[in-house]
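A look at the structure
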Amino acid sequence: MVSGPLTEEQLLNMLDRSRLPKHVAVIMDGNGRWARDRGLPRISGHRAGIEATRRVIEDCRSLGIKILTLFAFSVENWKRPKSEVSALMDLLKKYLRGETHKLIENDIRFKAIGRINGLSDSVQKEITMATQRTKNGKEMMLNVALNYSGRIEIIDAINKIIGDVQGGRLERDKITEEVFSRYLYTESLPDPDLLIRTSGEERISNFLLWQTAYAEFFVTSVYWPDFRRYHLLEALVDYQKRKRRFGGL
Ligand code: FPP
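Below is a short write-up of the structure.

**Thoughts on the packing of helix H3 (residues 42-63) against helix H4 (residues 82-105)**
In the contact formed by H3 and H4, the axes pass within 11 Å of each other and the chain directions differ by 25 degrees. Judged by the inter-axis angle, H3 sits roughly parallel to H4. Considering the relative orientation of H3 and H4, their crossing is right-handed. Mapping the contact onto sequence places Arg42, Ile43, His46, Arg47, Ile50, Arg54 and Ile57 in H3 and Glu84, Ala87, Leu88, Leu91, Tyr95, Glu99, Lys102 and Leu103 in H4. Of the residues in the contact of H3 with H4, the class split is eight nonpolar, one polar and six charged.

Right under this line is the structure:
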C-alpha cells in the first residue's frame with residue numbers, strides 16, 4: 001500500500017467538528033524568508049502574508065472557530081528598518097479600510113490588542129473605525145496583536161490593578177488568576193487552546209505569555225505566505241489527537 005501525506009479531504013474527514021479548539025492563536029512568521037527565497041524585497045513577503053491572513057480568517061470562520069488571535073506587529077518590530085515598518089503599517093491600514101465590510105458580512109468582530117496608543121494617529125483611526133463597525137459581530141472574534149508585547153501586557157494589567165485597588169474598586173485580597181486575566185488585553189476571552197507558529201521556529205516570542213500557559217503548540221515549517229487551509233487542518237487534526245491534562249492526570 002502506498003501511503004503519502006494526507007489529502008485536504010482526508011484531513012477534513014478526520015476533523016471532529018464537535019471538539020474544535022475555541023480559541024486559536026497564530027504567530028505568523030516567515031514573510032521575509034519567503035520573499036528572500038524568491039529574490040523579492042521583504043515587503044513582497046508581507047503583501048503575500050496579508051493574503052494568507054485573509055485566508056486563515058475565512059477558513060477559521062467557515063470551520064467554526066470562535067476566536068482567532070493573530071500576532072501582526074510586536075513592540076520589538078519597531079527595531080526593523082523604518083521603510084519596512086511604514087510599509088507594514090500601510091498594509092495594515094489598507095487591509096482595515098478595504099476589508100472591514102467583509103468582516104461585517106461574515107459577522108466577525110475585530111479587536112486590536114497591544115499598546116494601541118503607541119501607534120500612529122492614522123493607524124489608530126482605522127482601528128477605531130474597524131472596531132466600531134464590527135462591534136456586533138457574533139460568529140467569530142478576531143484579535144489582532146499590534147504594538148504587542150506579552151510582558152508589557154502583564155505590566156499594563158498590574159498598573160490597572162494598582163489603580164483599581166487604590167481607587168477602592170478592587171480589594172487586594174481578591175486578586176485571583178481569573179481576576180488578573182480580566183485585566184489583560186484579552187479581557188474575558190478564554191485562553192487559546194491551540195497556538196500555531198509558522199516557519200519552523202519553536203519560540204513563544206513574547207506572545208500571550210499569560211494566556212498560553214496550557215495552549216497546545218503546533219509548529220509548521222511552511223512560511224506564513226504559504227500557509228493554506230491544508231496546514232490549518234493539519235494543526236486542528238493534530239490538536240485533536242492530544243490529551244490535554246492541564247497538569248492533572
Ligand atoms: C513575520 O515575518 C511577519 C510579520 C512581522 C508581520 C506579519 C504581518 C502580516 C502578515 C500582516 C498582518 C496584517 C493584518 C491585517 C493582520 P518576518 O518578517 O518576521 O519573516 P522572517 O522571520 O522570515 O524575516
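From this point on, the discussion continues.
**Description of helix H8 (residues 229-241)**
Working note: α-helix, 3.6 residues per turn, so residues spaced by three or four point in the same direction. Between the first and last C-alpha of H8 there are 19 Å, a value that for 13 residues agrees with the 18 Å anticipated at 1.5 Å per step. Those residues of H8 that fall on the buried side of the exposure criterion are Tyr230, His231, Leu232, Leu233, Ala235, Leu236, Val237, Tyr239 and Gln240. If you follow the buried residues of H8, they end up packed against helix H1 (8-14), strand S1 (23-27), H3, strand S5 (194-197) and strand S6 (216-219).

**Regarding the pairing of strand S4 (residues 140-148)**
A large share of S4 lies buried, amounting to nine of its nine residues. Judged from the seven bridges that link them, strand S2 (residues 67-74) and S4 form a sheet pairing that is parallel. Bridge pairing links leucine 70 to valine 144 in S4. Where strand S3 (residues 108-113) lies against S4, six bridges are found, and the strand directions are parallel. Across the sheet, residue isoleucine 108 finds its bridge partner in S4, namely methionine 140.

**Examining the nonpolar core**
Grouped together as the largest cluster of nonpolar side chains are 49 residues, with contacts concentrated most on Ile57 and Leu68. Residue contributions to this core peak at eight residues, all from H4. With near-sequence residues (within four places) excluded, leucine 68 lies in contact with Val24, Val26, Val56, Ile57, Cys60, Met140, Met141, Leu142 and Asn143. Ranked by size, the runner-up nonpolar core spans eleven residues in total, among them Ala25, Phe71, Ile113 and Leu208.

**Focus: the sheet that holds S5**
Across the sheet, six strands lie side by side as S3-S4-S2-S1-S5-S6; this open sheet has parallel pairing. At either margin of the open sheet sits one strand with a lone partner, and together these are S3 and S6. With strand direction ignored, the average angle separating the axes of adjacent strands in the sheet is 20 degrees. Across the face of the sheet, H3 comes into contact with S2, S3 and S4 while running at roughly 165 degrees to S2.

**Details of the site of the ligand**
Surrounding the ligand, one finds 18 residues, the nearest of these being Asp29, Gly32, Arg33, Arg42 and Arg80. Interatomic distance of 3.4 Å between a backbone N/O atom of glycine 30 and an oxygen atom of the ligand. Between an oxygen atom of the ligand and a main-chain N or O atom of asparagine 31, the distance comes to 3.2 Å. With five residues, the single largest contributor to the shell around the ligand is H3. For the shell around the ligand, a count of residues per class yields seven nonpolar, seven polar and four charged.

**What about the side chain of serine 74?**
Mapped onto the elements of the fold, serine 74 is located in strand S2. Given a relative accessible area of 7%, serine 74 falls into the buried group.

**With respect to the packing of aromatic side chains**
For the coordinates displayed, the defined rule picks out eight aromatic pairs. Their ring planes at 70 degrees and their centres at 6.0 Å tell us that tyrosine 148 and tyrosine 185 sit as a pair that is edge-to-face. A residue pair is termed long-range when its members are at least 10 positions apart, and tyrosine 148 in strand S4 and tyrosine 185 in the loop between helix H7 (177-182) and S5 qualify at 37 residues. Per residue, the accessibility class of tyrosine 148 equals that of tyrosine 185, and both read buried. Ring centres 5.0 Å apart and planes at 25 degrees place the aromatic pair tryptophan 224 and phenylalanine 227 in the stacked group. The pair formed by tryptophan 224 and phenylalanine 227 is uniform in burial state, with each residue classed as buried. Ring-pair connections join several aromatic residues into one group, and the members of that group are Phe71, Tyr148, Tyr185 and Phe207.

Analysis parameters
- Residues numbered from 1 in each chain as written.
- Predicted model: local features only at pLDDT ≥ 70, side-chain atom pairs only at ≥ 80, totals over all residues.
- Heavy atoms only, no water.
- Axes fitted to C-alpha atoms, helices over the stretch in contact; angles between N-to-C directions.
- Helix = DSSP H or I, 4+ residues; strand = E, 2+ residues; numbered from the N terminus.
- Parallel < 35°, antiparallel > 145°, perpendicular 65-115°, else oblique.
- Left-handed = near helix turned anticlockwise from the far one by under 90°.
- Contact = heavy atoms within 4.5 Å.
- Nonpolar A, V, L, I, M, F, W, Y, C, P; charged D, E, K, R; others polar.
- Expected span 1.5 Å × (residues − 1).
- Buried < 20%, exposed > 50% of the residue type's maximum accessible area, 1.4 Å probe, protein only.
- Pairing = 2+ DSSP bridges.
- Core = buried A, V, L, I, M, F, W, Y, C linked by side-chain atoms within 4.5 Å.
- Near = heavy atom within 4 Å.
- Polar contact = N/O pair within 3.5 Å; in protein donor to acceptor, adjacent residues only side chain to side chain.
- Phe/Tyr/Trp six-rings, centres within 6.5 Å; stacked < 30°, edge-to-face > 60°.

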